[in-house]
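Observations on the model geometry
Here are the chains, one letter per residue:
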Amino acid sequence: MGTQAFAGRAAVAGIGMTALTRRSGRAELELAAEACRAACADAGLRPGDVDAMLSYHLGDSAPVVQVARALGVERLGWHNDIAGGGTQAASILGDAAMLIHAGLARHVLIYRALNGRSGRRMNTVPTGPQERLTYGLAGPIPLFALAATRYLHETGLTEEHLHAVVAQSRENARDNPRALRREPLDLAGYLARPYVATPLRTVDCCQETDGACALLVSGELDGPRVRAVVRGGGPGCSSMDRAADVSAIFSAYVAPMLWDASGMRPADVDVMLPYDAYSWLVPRQLEDFGLAAREELGEYLLERRHAWLNPHGGLLSEGYVHGLNNVAQAVRELRTGRHEVALVTGFGGSYGSAALLTA
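A quick note: this is a predicted structure, and the numbers were derived from the prediction, not measured.

1. Quick word on the pattern of salt bridges
Counted according to the given criterion, the structure contains 24 salt bridges. Note that Arg181 and Glu183 form a salt bridge whose closest N and O atoms lie 3.5 Å from each other. What makes Glu183 partly exposed here is its relative accessible area of 31%. Between Asp268 and Arg265 there is a salt bridge whose closest N-O contact spans 3.8 Å.

2. Side note on the side chain of Ser353
Looking at the element boundaries, Ser353 is found in strand S11 (residues 351-358). Looking at Ser353, its side chain comes within polar contact range of the main-chain oxygen of Thr87, at 2.6 Å. Looking at Ser353, its side chain comes within polar contact range of the main-chain nitrogen of Ser91, at 3.0 Å. Excluding residues that lie within four positions of it along the chain, Ser353 makes contacts with Thr87, Gln88, Ala89, Ala90, Ser91, Val230, Arg231, Phe250, Val344, Thr345 and Gly346.

3. Quick notes on helix H4 (residues 140-155)
Over its 16 residues, H4 extends 22 Å from the first C-alpha to the last, a length consistent with the 22 Å expected when each residue adds 1.5 Å. When H4 is considered as a whole, its buried residues turn out to be Pro140, Ile141, Leu143, Phe144, Ala145, Ala147, Ala148, Tyr151, Leu152 and Thr155. Against helix H5 (159-173), strand S5 (195-197), strand S6 (200-201), helix H8 (281-288), helix H9 (297-302) and strand S10 (341-347) lie the buried residues of H4. At the C-terminal side of H4, Gly156 shows a positive phi close to 80°.

4. Points about the UniProt feature "domain: Thiolase C-terminal" (unreviewed entry) in the chain
The UniProt record marks residues 258-355 with the feature "domain: Thiolase C-terminal" (unreviewed entry), using the residue numbering of this structure. Note that residues 258-355 is 36% helix and 15% strand, and that its end C-alpha atoms are spaced 7 Å apart.

5. Observations concerning the packing of aromatic side chains
This structure, assessed with the given rule, holds seven aromatic pairs. Ring centres of Phe144 and Tyr278 lie 5.6 Å apart, and the angle between their planes is 45°; this geometry places the pair in the tilted category. Of this pair, Phe144 sits in helix H4 while Tyr278 sits in the loop between strand S9 (271-273) and H8; the two residues are 134 residues apart in sequence, bridging distant segments of the chain. The class of Phe144 is buried, set by a relative accessible area of 6%. With a relative accessible area of 6%, Tyr278 lands in the buried category.

6. Digging into unusual backbone geometry
With an omega of 10°, the peptide bond between Thr198 and Pro199 qualifies as cis. Assignment of secondary structure puts Pro199 in the loop between S5 and S6. With phi around 60°, Arg304 is a residue other than glycine that occupies positive phi space. If you trace the backbone, Arg304 turns up in the loop between H9 and helix H10 (314-317). The partly exposed category is assigned to Arg304, whose relative accessible area is 30%. A positive phi angle is found at His322, which is not glycine, with a value near 55°. Structurally, the position occupied by His322 is in the loop between H10 and helix H11 (324-335). By relative accessible area, which is 3% here, His322 ends up buried.

7. Points about the pairing of S10
Buried residues dominate S10, accounting for seven of its seven residues. Where burial is concerned, the two faces of S10 agree: the one with Val341, Leu343, Thr345 and Phe347 and the one with Ala342, Val344 and Gly346 are both buried. As judged from the three bridges shared by S9 and S10, these two strands associate in the parallel manner. Within the sheet, the bridge partner assigned to Leu273 lies in S10 and is Val344. With seven bridges connecting them, S10 and S11 associate as antiparallel partners. Across the sheet, the residue bridging to Phe347 is Gly352, located in S11.

Definitions and cut-offs
Residues numbered from 1 in each chain as written. Predicted model: local features only at pLDDT ≥ 70, side-chain atom pairs only at ≥ 80, totals over all residues. Heavy atoms only, no water. Salt bridge = Lys/Arg side-chain N within 4 Å of Asp/Glu carboxyl O. Buried < 20%, exposed > 50% of the residue type's maximum accessible area, 1.4 Å probe, protein only. Helix = DSSP H or I, 4+ residues; strand = E, 2+ residues; numbered from the N terminus. Polar contact = N/O pair within 3.5 Å; in protein donor to acceptor, adjacent residues only side chain to side chain. Contact = heavy atoms within 4.5 Å. Expected span 1.5 Å × (residues − 1). UniProt positions renumbered as here; feature names shortened; annotations may be inferred. Phe/Tyr/Trp six-rings, centres within 6.5 Å; stacked < 30°, edge-to-face > 60°. Pairing = 2+ DSSP bridges.

Right, dumping it as structure tokens:
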């Protein structure tokens, strides 16, 4: 079962989501409570059965103790509001699994809630040290556009390949009623979209979304099992003044850790749900996790061999609940019986996380 003591001991027994919108008209507390109630109901539990709660945020969500009160959880055990964004999307599964393995909780409720369009918008938040503002890096998109430029140069990938990523995302989202973007996008339509920061157009960036997602992780109930979780990073695209390779995202560092921790190989993965906040992150993660070689990435994308990734449309098309909606989709995919191993990731520049779930 790999090297981690908690491997296979925790299962994602319940998932819940609100509608994904661009203007919810509701407070984050209401959104969080709705998603959490749905996850508990999906697992066959009452909210009062929960004995631990975890969430992550960037100062834009409802605190755990307030959500617990709204749910009627009278005796709350281990709980934590984790500061952070997309890096937590996969690793928060590890936090829950460790609580269960340590005997500190039986049922752990995880949620992420935000009004990411009508409230605090991610692209208006400066990223990292203030000196970056001198170079025009006034938020995530300019920062990661700079890294994308280098990556495209080194790999020979072009705007045609980025279009293939976005267009396939739309195609995958076509039959997903939750998805905010379901319309087809041809190459001409893609090229007509304005740039936010070259080489990233508006459609190369994830949706800005209001909504909430929740997971119920249990040591007693059945469901897809948490096989391995890793978290880490290095001096890459979110620390450009320190990096030999400004295009090196989290997956360059955590992918080897994941295979070592799990005892599995890339060939074992049959559904991947990568954190696709920006289109160029898809080929970079395929390469880093050993699912496609750099020299074949161009053909791989143009031939749409990446159609098996994010079958719900991902963050580019379904919506953006800071990556937790991708984890919820991994659970749905494993429940169908068509897949055995799901890989989910969490991105925050050169730092992030990855997890393997097994049916």
